[in-house]
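Next come the chains, spelled out residue by residue.
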Amino acid sequence: MAAVSLRLGDLVWGKLGRYPPWPGKIVNPPKDLKKPRGKKCFFVKFFGTEDHAWIKVEQLKPYHAHKEEMIKINKGKRFQQAVDAVEEFLRRAKGKDQDLTIPESSTVKGVMAGPMAAFKWQPTVSEPVKDADPHFHHFLLSQTEKPAVCYQAITKKLKICEEETGSTSIQAADSTAVNGSITPTDKKIGFLGLGLMGSGIVSNLLKMGHTVTVWNRTAEKESFSRHLFCAYCEVEHRSRHQCDLFIQEGARLGRTPAEVVSTCDITFACVSDPKAAKDLVLGPSGVLQGIRPGKCYVDMSTVDADTVTELAQVIVSRGGRFLEAPVSGNQQLSNDGMLVILAAGDRGLYEDCSSCFQAMGKTSFFLGEVGNAAKMMLIVNMVQGSFMATIAEGLTLAQVTGQSQQTLLDILNQGQLASIFLDQKCQNILQGNFKPDFYLKYIQKDLRLAIALGDAVNHPTPMAAAANEVYKRAKALDQSDNDMSAVYRAYIH
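Here, residues in each chain are numbered from 1, in the same order as that chain's written sequence. Local features are withheld for residues below a pLDDT of 70 in this predicted model, meaning they are given only at 70 or higher, and side-chain atom pairs are given and counted only at 80 or more; totals for whole chains, interfaces and linings count all residues. With hydrogens and water excluded, all non-hydrogen atoms of the structure serve as input to the side-chain values.

Q: I keep staring at the overall build of the protein and nothing clicks. Help me out?
A: Each helix is a run of DSSP H or I of at least 4 residues and each strand a run of E of at least 2, with the numbering of both proceeding from the N terminus. When helices and strands are tallied, the protein shows 18 helices and 16 strands. Only protein chains enter the accessibility calculation, which uses a 1.4 Å probe. A residue is then buried if its area is under 20% of the maximum for its type, exposed if over 50%, and partly exposed in between. Counting across all 493 residues of the protein, residues that qualify as buried make up 53%. Should any heavy atoms of two residues lie within 4.5 Å, those residues are considered in contact. The contacts of the protein with a sequence gap of at least 6 include a subset with a gap of at least 24, amounting to 64%. In this description, accessible areas are obtained by the Shrake-Rupley approach with a 1.4 Å probe, and a residue is regarded as covered only by the protein chains that are shown. On the protein, roughly 22,100 Å² of surface is accessible, and the fraction owed to carbon and sulfur atoms is 52%.

Here's what the structure looks like:
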């Protein structure tokens, strides 16, 4: 969108990322929320939702001048509700002094229900709205351009609650500027591994104002999904352009894992499997060579308990502090800062990581001694992987018996199994789009490790074992680097 002359109180169309322009109003931000430095932008409150964001001026257009154009190119019930809310606002404001509050139309009754309620602005009505779009909502919250004092000053606050299980969670809770801002830690943060998950995590750490130094294993492993990151500059001519982009976002580059750890206070790592996790720590120029007393290492990889215990022992033996913190989620949730973090180990380090965990996730749990998080993460992914295999099995059975796969999805979406995961993975299958959001090879690895965990305690895992065989078949059909939903292809070949 072209830059325009705008001022406080103007109605506008604001655009964020891949989402269509949305109607909103330029308002005063909460007094504790500073404007992003170095960027010409306005704080916009969107109609038909409880969302808000800093929007760069080039992504704004005057409402009235572009209304017909926007209505022609944008469709959908939620979009129409937002336009209706604007028109109602204009009717109410006619002949009156306009304040900066956006009233909602009778067709819009708040925006989020259930889990989304934690991210509301001060609501104007108490009745929740149905048919909300959680992706758009999370996008606005996670993609807002943030200054050193992050956007979560008005969306999240730290809440630590003891549960009956003895675990502790740091999670998102209702919050506004009145509750006080959540500022990034002043500790220097390192991050090793910029794959599907790591790139989104680092992006959100940077947006929240953390000082981050990064390293990645190879240029080929780099995920360009957010167009922010470069690979480790081992070969200058191959990665110069990506490095320039990375530096523009405020990150620093480390030449080796040892260098990152030695120059940072807390270093996070997120790699693919137990071998990669061990190599990162124990290999040449690895993490262990940079560990000194007081240095902190947080392994976010999904590995087995024996591996993470071994890593914890060698880190602590050098005077370092260790925390395991595998994450539950996928690439989209990583990009949106909505991961679930399972942590165990050094409790003090867990608390030191609170601002980082809030930047990258919607909630985190402290589960006690090292190994507990690894076990819990494998169980979670075992359930998810088995469910995905069952979804694929159901869709193929529907097809071979002459039933509509779309109708099956519609029925499931109206029942107790309805979920974003179910809908997204079924849509992948129906559209034949298996672009990786969670690599099939990694869910198979997690199933294999979960089965081994069951074997270690003599506990049967027949469902996981059956699902694992289907994923192995999919891998044999060259589906390893596709999304886990590509397990569907194991049933049709």
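Read on, since the account is not over.
Q: What is the right way to look at the pairing of strand β13 (residues 321-324) in this model?
A: On a regular strand, each side chain points to the face opposite its neighbour's, so the side chains alternate between the two faces of the sheet. A pair of strands is considered paired only if DSSP assigns at least 2 bridges between the two. Here strand β12 (residues 296-299) pairs with β13 via four bridges, running parallel. Counted as the bridge partner of Cys296 is Arg321 from β13. We call a crossover right-handed when, viewed with the strands running away from us, the connection from the first strand over the helix to the second turns clockwise. Tracing the backbone out of β12, into helix α9 (residues 305-317) and back to the parallel element β13 gives a crossover that is right-handed. As paired elements, β13 and strand β15 (residues 339-345) share two bridges and run antiparallel to each other. Within β15, the position partnered with Leu323 by the bridge is Gly345.

Q: When you look at the environment of Leu196 in this model, what are you seeing that I'm missing?
A: Assignment of secondary structure puts Leu196 in helix α4 (residues 196-207). For the pair formed by Leu196 and Val271, sequence separation is 75 residues and the distance between their alpha carbons is 9.9 Å.

Q: Mind showing me how you'd approach the nonpolar core here?
A: The tendency in soluble globular proteins is for nonpolar side chains to be buried as a group. Put simply, buried Ala, Val, Leu, Ile, Met, Phe, Trp, Tyr and Cys residues joined by side-chain atoms within 4.5 Å make one nonpolar core. Membership of the largest hydrophobic core comes to 32 residues, with the highest contact counts inside it found for Phe191, Phe268, Met300 and Phe357. Of all elements in the fold, only β8 (189-192), α4, β9 (212-215), β11 (266-269), β12, β15, α11 (347-352) and α12 (354-360) reach the threshold of two or more residues within this core. In terms of residues, this core owes the most to one element, α4, which gives five residues. Among all residues touching Phe357, those that are not within four sequence positions of it are Phe268, Met300, Leu323, Ala325, Ile341, Tyr350 and Ser364. The next biggest cluster of nonpolar side chains, apart from the first, holds 30 residues, and it includes Leu422, Ala450, Ala486 and Val487.

Q: How should I be thinking about the sheet that holds strand β5 (residues 60-62) in this particular structure?
A: Two orientations exist for strands paired in a sheet by backbone hydrogen bonds: parallel and antiparallel. Taken in spatial order, the five strands make up an open sheet running β4-β3-β2-β1-β5, and their pairing is antiparallel. Two strands lie at the open edges of the sheet, namely β4 (52-56) and β5, each paired on one side alone. Going across the sheet, the axis of each strand differs from the next one's by a mean of 45 degrees, ignoring polarity. When strand β1 (residues 11-14) meets β5, the two strands line up antiparallel, connected through three bridges. Bridging from a neighbouring strand, Val12 pairs with Pro62 of β5. For helices, the axis comes from a line fit to the C-alpha atoms of the stretch in contact; other axes are also lines fit to C-alpha atoms, and the angle between any two N-to-C directions lies between 0 and 180 degrees. Strands in contact with helix α2 (residues 77-93) are β1 and β2 (22-26); relative to β2, the strand with the most contacts, it is inclined by about 35 degrees.

Q: Whenever I open this one, the state of the cysteines confuses me. Can you help?
A: What makes a disulfide is a covalent bond joining the sulfur atoms belonging to two cysteines. Here, a disulfide means two cysteine sulfur atoms that sit within 2.5 Å of each other. For the structure shown, the criterion picks out zero disulfides. Here Cys356 stays free of any disulfide, with the sulfur of Cys353 as its closest cysteine sulfur at 5.7 Å.

Q: Sorry, what's going on with the packing of aromatic side chains here?
A: For any pair of aromatic rings, geometry is given as the distance between the ring centres together with the angle between the planes. Two aromatic rings, drawn from Phe, Tyr or Trp (for Trp, its six-membered ring), form a pair once their centres lie within 6.5 Å of each other, and the interplanar angle then sorts them: stacked below 30 degrees, edge-to-face above 60, tilted otherwise. Scanning all chains against the criterion turns up twelve aromatic pairs. Centre to centre, the rings of Trp22 and Phe79 are 5.8 Å apart; their planes meet at 80 degrees, and the pair counts as edge-to-face. With Trp22 in strand β2 and Phe79 in helix α2, this residue pair connects regions lying 57 residues apart in the sequence. Like Phe79, Trp22 is buried. With a centroid separation of 6.2 Å and 40 degrees between ring planes, the pair formed by Tyr297 and Phe322 is classed as tilted. One end of the pair, Tyr297, is in strand β12; the other, Phe322, is in strand β13, and 25 residues separate them in sequence. Between the NZ or CZ atom of Arg347 and the centre of the ring of Phe366, over which it lies, the distance is 5.1 Å. Whether a charge sits over a ring depends on NZ of Lys or CZ of Arg being within 6 Å of the ring centre and within 35 degrees of the ring normal. Its end group placed over the ring of Tyr439, Lys441 keeps NZ or CZ at 5.2 Å from the ring centre.

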